[in-house]
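If you want the building blocks of each chain, they are given just below.
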Amino acid sequence: MEQKIEENLYKEVDIRAKKISDLKAMGINPYVSKFDASHSILQARELKDGDALTIAGRMTFRRVFGKFMFVQISDVYAKIQVSLSVNQIALDDYKWFKDYVDIGDFVGFSGTIYHTQTGELTVQAESFKLLSKAMKPLPEKFHGLTDIETRYRQRYLDLITNEQARKVFLGRSKIESIIRRYLEDLDFIEIETPVLQTAVSGASARPFFTHHNALDLDCNLRIAKETWLKQAIAGGIPRVFELGKDFRNEGMDATHLQEFTQIEWYASYWDFEKNIKVFKELVQKLLKETLGTMQINYQGKVIDFGKETWDRINYVEEMTKILGFDFLDISDLDEFKKKVVERGLFSYAELDECKSVRTLIDYIYKRKIREEIVGPVILYNYPAVLKTLARRNDNDSRVTDVFQVVVCGAEICNAYSELVDPIVQRETLMQQLVEKANGDEETMDLDESFLAAMEHGMPPMSGLGFGIDRFIMLIYDLPNIRDTVLFPIMK
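Definitions and limits used
Residues numbered from 1 in each chain as written. Predicted model: local features only at pLDDT ≥ 70, side-chain atom pairs only at ≥ 80, totals over all residues. Heavy atoms only, no water. Helix = DSSP H or I, 4+ residues; strand = E, 2+ residues; numbered from the N terminus. Buried < 20%, exposed > 50% of the residue type's maximum accessible area, 1.4 Å probe, protein only. Contact = heavy atoms within 4.5 Å. Phe/Tyr/Trp six-rings, centres within 6.5 Å; stacked < 30°, edge-to-face > 60°. Lys NZ or Arg CZ within 6 Å of the ring centre and 35° of its normal. Lys, Arg positive; Asp, Glu negative; His and termini not counted. Salt bridge = Lys/Arg side-chain N within 4 Å of Asp/Glu carboxyl O. Pairing = 2+ DSSP bridges. Axes fitted to C-alpha atoms, helices over the stretch in contact; angles between N-to-C directions. Patch = residues over 30% accessible without salt bridge, like charges linked within 9 Å, V, L, I, M, F, W, Y side chains within 5 Å. Areas by Shrake-Rupley, 256 points an atom, 1.4 Å probe, with all protein chains shown as cover. Core = buried A, V, L, I, M, F, W, Y, C linked by side-chain atoms within 4.5 Å. Disulfide = S-S within 2.5 Å.

This part covers the overall build of the protein. Helix and strand counts for the protein come out as 14 helices and 18 strands. Once the C-alpha set of the protein is aligned to its principal axes, its extents read approximately 90 × 50 × 50 Å. Out of the 491 residues in the protein, the part that is buried amounts to 48%. When contacts within the protein are restricted to residue pairs at least 6 apart in sequence, those whose partners lie at least 24 apart make up 64%.

Below is the structure:
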């Protein structure tokens, strides 16, 4: 069956190549330089019967009834029907269209709007022009692209044939626009921070490394924007954000991308409770303006973001219940592992990948707490050892003023009251160096430029990181995070 499909494809390509050759021999350029349209397809759908227009799009359907035919042209926003008849078009031109214009070609039409007897909005074509000829046919209309890998590799075909794909990527663009407007209305400004960096900072993650030839300098791609945005705050910008790519050279699964889109914002004089309020309002605004509802269905689970208050879980209290002992004062990795194994929670083999107390705590949390959460749930009161850049709590320096929102076992934001004490910050970064020496590859470097900015003084502030890809995955009920990215990396 597959061999026959391949043979038919090659045959179709040969036929189209012959048509292109014939057209050029006739002195007709099948790839014109421009076309002046009076309306987009979406605009044309708002016109009234009798209105004149000139319109263009890709032909995605055709049905011929002798000397009359219907075709459909479309783009990512809309589609519209066009009728061609020998009553409006010369017979030779009509035959030429039937012979030389194929599904997938870009065509321009001039004509008037009318409705068919079945009520279908239609352009009655009075003239046409072939704008660009497709050498390969589109996927079969009723089945589209069924192979997932082909959908990722040839996303342009996915957009042409898959309405859900168009909905997701138009929705993604709208969401990013809403976020920017929302923050700008709160007096934030957007800046750009370096992608190429000389210190691994801003998060606990394994980086991508590269080399700057002109400077003979080893660099890493940024894993977060945090330290640079905080330096902008130190420079006197009260509220700042950036929406862009971050890069983490870690494992690939259904909820993680190595190149992902994240927005980070920082506001002087806020604490993490203020950020909880702002983030909740933003999420509700996004859902209202894109889906028209506060409830979503993700993989069979109904999640209600419209509740007046979201449930909260105290991280330290919940972990203490699971572990059965006070874990905050344990700094010895072997001792911690021994207690965990004795409780029957995990085996030593399962904990072998944990090279520090920080990674051990995170490992237990992800498997014993996060996986069970449907949400939305606000997790707060994190151990200080997990959050190198977060402010220590005034009443207990072993914990931090941090929150994350978890939905269906996935963290969609990470936020905290920021650490602005340069002495404590240096101590926490020095501890990261110890963990790195012990084999933990997901640690930060001692970033002296960032520390210098803090030593010159930073105001109290709160910051938040919000993963766009994972949020899109949730609200559009997508099984894989690569479905949220137009052009995901493929092996």
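Structure shown, so let's carry the discussion forward.
A few words on the packing of aromatic side chains. Summed over the entire model, instances satisfying the criterion amount to 17 aromatic pairs. Judged by centre distance (4.9 Å) and plane angle (85°), the ring pair of F68 and F70 falls under edge-to-face. Seen from their ring centres, F346 and Y363 are 5.2 Å apart, and the 65° between their planes marks the pair as edge-to-face. Residue F346 is found in the loop between α10 (333–342) and α11 (357–368), and its partner Y363 is found in helix α11; the two are separated by 17 residues along the sequence. Each member of the pair F346 and Y363 is classed as buried. The ring of Y380 carries the charged tip of R312 above its face, separated from the ring centre by 5.8 Å. Seen from the ring of F346, K368 lies directly overhead, with NZ or CZ sitting 5.2 Å from the centre.

Okay, the side chain of R482 next. On the secondary structure map, R482 appears in the segment after α14 (468–475). No salt bridge is formed by the buried R482, whose closest oppositely charged neighbour, E149, lies at an N-O distance of 7.2 Å.

Among the eight residues of α14, eight are classified as buried, and the element is accordingly described as predominantly covered. Positive phi shows up at D477, right after α14, with a value of about 55°.

Moving on, we come to the sheet that holds strand β11 (residues 259–268). Backbone-to-backbone hydrogen bonds join strands into a sheet, with any given pair of strands oriented parallel or antiparallel. In spatial order, the strands read β6-β10-β11-β18-β17-β16-β15-β14; together these eight strands make up an open sheet with mixed pairing. The sheet is open, and its two edges are formed by β6 (189–190) and β14 (311–314), each paired on a single side. Of the strand pairs in this sheet, β11 and strand β18 (residues 461–467) are connected by seven bridges, and their pairing is antiparallel. Bridge pairing in β18 places I263 opposite F466. Lying on the sheet, helix α8 (residues 272–290) is in contact with β11, β14, β15 (377–383), β16 (399–407), β17 (410–417) and β18; it crosses β18 at an angle near 30°.

The grouping of L42, V76, Y77 and L170 at the surface amounts to a nonpolar patch, some 350 Å² of accessible area in total. The residue L170 is located in helix α6 (residues 163–185) in this model.

As a working rule, side chains carrying opposite charge can pair if their charged atoms are close by. This structure, assessed with the given rule, holds 35 salt bridges. Between K230 and E226 there is a salt bridge, and its shortest N-O distance comes to 2.8 Å. Here E226 and K230 lie together in helix α7 (residues 226–234), a separation of four residues that amounts to about one turn. Each member of the pair K230 and E226 is classed as buried. We note a salt bridge from E273 to R312, for which the minimum N-O separation is 2.9 Å. Placement of the pair is E273 in helix α8 and R312 in strand β14, with a sequence separation of 39 residues. A relative accessible area of 34% means that E273 is categorised as partly exposed. Accessibility expressed as a relative area gives 39% for R312, which makes it partly exposed. Sharing partners across several salt bridges, the network here consists of K19, D102, D105 and K133.

The subject of this paragraph is the nonpolar core. Within the largest apolar cluster, 50 residues are counted, with the highest numbers of intra-cluster contacts made by W265, F279 and F466. Dropping the residues within four chain positions of it, W265 is found in contact with L183, F188, V240, F241, W270, N275, V278, F279, L282, S462, G463 and L464. Core analysis: the second largest hydrophobic core is formed by 47 residues, Y266, C354, I364 and L379 among them.

The next thing to look at is unusual backbone geometry. For Y269, which is not glycine, the phi dihedral falls at a positive 75°. Here Y269 shows up in the loop between β11 and α8. The backbone of Q299 shows a phi angle near 50°, a positive value even though the residue is not glycine. Along the chain, Q299 turns up in the loop between β12 (295–298) and β13 (301–304).

The three strands lie next to each other as β7-β9-β8, forming an open sheet whose pairing is antiparallel. Taken across any chain shown, the strands that pair with only one partner, and hence form the sheet edges, are β7 (196–197) and β8 (209–212). Inspection of the sheet shows β7 paired to strand β9 (residues 217–221) by two bridges, in the antiparallel sense. When the sheet's bridge partners are listed, Q197 is paired in β9 with N220.

Further remarks concern the state of the cysteines. When the sulfur atoms of two cysteines share a covalent bond, that bond is a disulfide. One pass over the structure, following the stated rule, counts zero disulfides. Free of any disulfide, C413 has its nearest cysteine sulfur in C408, 15 Å distant.

Quick look at the environment of V278 now. If you trace the backbone, V278 turns up in helix α8. For V278 and Q425, which are 147 residues apart along the polypeptide, the C-alpha to C-alpha distance reads 26 Å. When neighbours within four sequence positions are excluded, V278 is seen to be in contact with Y182, L186, W265 and W270.

This part is about the pairing of β16. Summarising burial for β16: nine of the nine residues are buried, a large majority. Looking at chain direction, β15 and β16 are connected through six bridges and run antiparallel. Note on β16: the bridge partner recorded for Y382 is T400. Note that β16 and β17 share six bridges and pair antiparallel. The residue bridging V405 from the neighbouring strand is C413, located in β17. Between β16 and β17, which pair antiparallel one after the other, the connecting turn spans two residues, and C408 there sits at a positive phi close to 50°.

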